[in-house]
Amino acid sequence: MNPPDLPLGMLPSTAANRERAWTMPVEDIDPSDGYLFQDDSIGAYLARLRRDAPVHHCAQSRFGPFWSVTRYRDIVTVEMNHEVFSSASELGGIAVSSVADRMNRDTSSFIGMDPPRHDDQRKAVAGIAGAENVARLESVIRGHVVEILDGLPVGETFDWVPAVSIELTTRMLATIFDYPFERRTELTFWSDVATGHPKDDGPVTSHEMRAAELKRCLDVFTGIWNERVNAPPRPDIVSMLAHAPATRHMTPMEYLGNLLLLIVGGNDTTRNSISGGVLALNLFPEQFERLRADPARVDS
């Protein structure tokens with residue numbers, strides 16, 4: 001198999017790294033290397049693993065040794081068989097990290113649990129993305145989108161990620177948590193703190209700094225919890241957690257773990273989907289033209 005052709009606009013460094021994916025010893029591939037994602041060469045490395053080592057052991061990485069599974073059917077098998085492949089934090093969890101640097105070292109969340117606890121806690125907040133709640137929020141979401149897009153400069157170069165992807169995501173996080181809107185940037189900041197590392201170019205400068213900021217996050221949300229648990233149920237995440245039988249008696253660190261899971265999940269996935277979607281439509285303009293010619297494709 002030859003390296004795939006690069007899409008229009010791909011960086012030269014990406015081309016070199018993609019070439020390397022097919023020539024380096026397969027045992028030396030480290031799919032947790034963030035720089036492979038940063039320059040968008042990770043796809044070549046995953047393709048190499050799917051071809052030559054679909055169940056791959058990385059002996060050395062910044063996070064320690066770990067296994068990766070890269071074929072779809074194998075991933076489904078792992079996902080569905082929790083009795084053999086456990087997500088439980090006490091058994092190692094799902095995080096690719098060393099014991100000393102594990103983000104959820106002192107916390108737990110339902111993503112690090114097996115059924116039935118996982119299912120029960122997940123159901124507590126599943127309604128936030130349900131059809132009824134999304135329909136209720138549709139006008140709010142559209143209002144934010146229109147305001148943000150109408151406020152973009154015309155005829156000037158600007159950075160799409162902070163101006164649109166991060167701003168829209170931050171506004172929606174504040175909405176679904178019913179968090180004070182004027183302080184909404186705290187949510188994305190805590191997301192970056194939770195996933196950051198002192199060696200990276202991000203907000204985290206030390207492990208002590210991260211611990212202090214996450215304690216501040218817990219303190220703020222404990223105050224919100226105390227307000228919501230003593231009020232009638234509302235369609236926001238904290239109220240859902242406070243009133244659901246499976247989550248209303250969580251420990252403080254379990255509460256923090258679930259908060260971080262939901263904040264990071266709502267921040268990273270949406271921000272990256274918006275940014276990656278715009279990039280993909282520019283790299284593949286024929287797909288953009290198909291979408292413009294038939295806007296009904298958006299619904300699917």
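In what follows, the accompanying structure is described. (Residues numbered from 1 in each chain as written. Predicted model: local features only at pLDDT ≥ 70, side-chain atom pairs only at ≥ 80, totals over all residues. Heavy atoms only, no water.)

Focus on the overall build of the protein
The condition is simple: Here a strand is any run of E in DSSP of at least two residues, a helix any run of H or I of at least four, and the numbering for each starts at the N terminus. Type-normalised accessible area, obtained with a 1.4 Å probe on protein chains alone, sets the label of each residue: buried when under 20%, exposed when over 50%, and partly exposed for intermediate values. The criterion used for residue contact is that any of the two residues' heavy atoms lie within 4.5 Å. For accessible areas, the Shrake-Rupley method is used with a probe of radius 1.4 Å. Any residue's cover is judged against the shown protein chains and nothing else.
When helices and strands are tallied, the protein shows 12 helices and 2 strands. Counting helices and strands in the order they occur from the N terminus, the protein gives α-α-α-β-β-α-α-α-α-α-α-α-α-α. Burial statistics for the protein: of 300 residues in total, 36% are counted as buried. Partitioning the contacts of the protein with sequence separation of at least 6, the portion at a separation of at least 24 is 54%. Per element, the accessible surface of the protein, about 17,800 Å² overall, is 57% carbon and sulfur.

Focus on the packing of helix α8 (residues 185-195) against helix α11 (residues 252-283)
Applicable threshold: Convention adopted: a line fitted to C-alpha atoms gives each axis, helices being fitted over their contacting stretch, and angles between N-to-C directions are expressed from 0 to 180 degrees. To sort the angles, those under 35 degrees are grouped as roughly parallel, those over 145 as roughly antiparallel, those from 65 to 115 as roughly perpendicular, and the leftovers as oblique. Residue polarity is assigned by list, with Asp, Glu, Lys and Arg as charged and Ala, Val, Leu, Ile, Met, Phe, Trp, Tyr, Cys and Pro as nonpolar; anything else, Gly included, falls into the polar class.
Where α8 contacts α11, the axes come no closer than 9 Å and their chain directions differ by 100°. Comparing their axes, α11 and α8 come out roughly perpendicular. Touching L187, T188, S191, D192, A194 and T195 of α8 are L260, I263, V264, N267, D268 and R271, all from α11. The residue makeup of the contact of α8 with α11, split by class, is 5 nonpolar, 4 polar and 3 charged.

Considering the side chain of T170
Locating T170 in the fold gives a position in helix α7 (residues 160-177). Taking the relative accessible area as the measure of exposure, T170 reaches 2% and is therefore buried. What T170 contacts, discounting residues up to four positions off in sequence, is R184, T185 and T188.

Focus: the pairing of strand β1 (residues 55-58)
Worth spelling out the cut-off: Strands qualify as paired when DSSP identifies two bridges or more between them.
Side chains H56 and C58 project from β1 onto a buried face, and the interleaved V55 and H57 project onto a face without burial. Examined bridge by bridge, β1 and strand β2 (residues 66-69) share 4 bridges and lie antiparallel to one another. Residue C58 lies in a different strand from β2, and its bridge partner there is F66.

Digging into the side chain of R271
Here R271 lies in helix α11. By relative accessible area, R271 is classed as buried at 14%. Excluding residues that lie within four positions of it along the chain, R271 makes contacts with S165, I166, T169, T188 and D192.

Regarding the packing of aromatic side chains
For any two aromatic rings, the description comes down to two numbers: the centre-to-centre distance and the angle of the planes. Short version of the rule: Each Phe, Tyr or Trp ring (for Trp, its six-membered ring) is paired with any other whose centre lies within 6.5 Å, and the angle between the two planes then decides the class: stacked below 30 degrees, edge-to-face above 60, tilted in between. Our definition puts a charge over a ring when NZ of Lys or CZ of Arg is within 6 Å of the ring centre and also within 35 degrees of the ring normal.
Inspection of the entire model under this criterion finds 6 aromatic pairs. Relative to W160, the ring of F158 lies with its centre 6.5 Å away and its plane at 35°, an arrangement referred to as tilted. The class for F158 is partly exposed, based on a relative accessible area of 32%. A relative accessible area of 25% means that W160 is categorised as partly exposed. Lying over the aromatic face of F181, R184 brings its terminal NZ or CZ to 4.3 Å of the ring centre. The side chain of R292 reaches across the aromatic face of F288, ending 5.7 Å from its centre.

A closer look at unusual backbone geometry
With a phi close to 65°, D40 is a non-glycine residue in the positive phi region. By relative accessible area, D40 is classed as partly exposed at 34%. Phi angles above zero are rare outside glycine, and D178 is one such case at about 50°. Structurally, the position occupied by D178 is in the loop between α7 and α8. Residue classification places D178 among the partly exposed residues on the basis of a relative accessible area of 34%.

Quick notes on the nonpolar core
The following threshold applies: Throughout, nonpolar core names a set of buried Ala, Val, Leu, Ile, Met, Phe, Trp, Tyr and Cys residues whose side chains join them through atoms within 4.5 Å.
Core analysis: the biggest nonpolar cluster contains 32 residues, and F177, Y179, L187, F221, I237, L241 and Y255 have the highest contact counts within it. If one sorts the elements of this core by residue count, α11 sits on top with 7 residues. Core analysis: the next-biggest nonpolar cluster, separate from the first, contains 12 residues, M24, I29, I42 and Y45 among them.

Section: the packing of α11 against helix α12 (residues 285-293)
Two elements in contact, α11 and α12, have axes whose closest approach is 5 Å; the angle formed by their N-to-C orientations is 105°. As summarised for this structure, α11 and α12 are arranged roughly perpendicular, according to the angle between their axes. Touching L281, N282 and L283 of α11 are P285, Q287, F288 and L291, all from α12. Split by residue class, the contact of α11 with α12 holds 5 nonpolar, 2 polar and no charged.

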